[in-house]
Amino acid sequence: MASNTPAIDPNQTIYVRNLNEKINKIELKRSLYCLFSAYGKVISIVASKTKRDRGQAFIAFSDIVSATAALRGLQGFNFYDRPMEIQYAKSKSHAIAKLDGTFKQPPMKRIGSGAGDQTTNISASAAKREREADSDSGSEMSE
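Residues numbered from 1 in each chain as written. Predicted model: local features only at pLDDT ≥ 70, side-chain atom pairs only at ≥ 80, totals over all residues. Heavy atoms only, no water.

1. Regarding helix α1 (residues 25–36)
- The first and last C-alpha atoms of α1 sit 16 Å apart over 12 residues, in line with the 16 Å expected at 1.5 Å per residue.
- Listed as buried for α1 are Leu28, Lys29, Ser31, Leu32, Tyr33, Leu35 and Phe36. (Helix = DSSP H or I, 4+ residues; strand = E, 2+ residues; numbered from the N terminus. Expected span 1.5 Å × (residues − 1). Buried < 20%, exposed > 50% of the residue type's maximum accessible area, 1.4 Å probe, protein only.)

2. Brief notes about the nonpolar core
- Judged by nonpolar contacts, the single largest core of 23 residues is most densely connected at Ile14, Leu32, Phe36, Ile59 and Met84.
- At the level of secondary structure, the elements contributing two or more residues to this core comprise β1 (13–17), α1, β2 (42–46), β3 (56–61), α2 (64–74) and β6 (85–88).
- Apart from residues no more than four positions distant in its own chain, Phe36 is found in contact with Ile14, Val16, Val42, Ile59, Phe61, Ala70, Leu74, Met84 and Ile86. (Core = buried A, V, L, I, M, F, W, Y, C linked by side-chain atoms within 4.5 Å. Contact = heavy atoms within 4.5 Å.)

3. Overview of the pattern of salt bridges
- Taken as a whole, this structure holds 3 salt bridges when the rule is applied.
- Of the charged contacts in the structure, one is a salt bridge between Glu85 and Arg17, with a shortest N-O distance of 2.7 Å. With a gap of 68 residues between them, Glu85 in strand β6 and Arg17 in strand β1 connect regions that are remote in the sequence.
- The class for Glu85 is partly exposed, based on a relative accessible area of 32%.
- Judged by relative accessible area, Arg17 falls into the partly exposed class, the value being 40%.
- Across the pair Arg54 and Glu21 runs a salt bridge whose closest N-O atoms are separated by 3.4 Å. Note that Arg54 is positioned in the loop between β2 and β3 and Glu21 in the loop between β1 and α1, a separation of 33 residues in sequence.
- When its relative accessible area of 37% is taken as the criterion, Arg54 is described as partly exposed. (Salt bridge = Lys/Arg side-chain N within 4 Å of Asp/Glu carboxyl O.)

Structure, rendered in structure tokens:
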């Protein structure tokens, strides 16, 4: 990690960046699962291909020891011709929060700027993203 980044407390979820953006999402998740499961039980992997999120992934482990071992063991590992940059995630993943009973539904975002504008609830897209995340961490990631 760079010395100018603030310290993040160890937790069960790690943040991986500098991933090859040309790899398709399913292949990327499978490869990450195979690589990281050597360090402990992987609960979920969230990797998005949106413009903002491409090249990054969040990997949730069943315990902090496994997450720490993966972080130390794979830091700088050449993955699809790019060295991975790994750090602890800034917050607990939804998958971990659901398991330990502390999950709280994020507030719904609203579209509209002025008082006369009609605000529209966009919770449908948020629900779709959550379903995708849940399905991503479902059967193919559980063992």
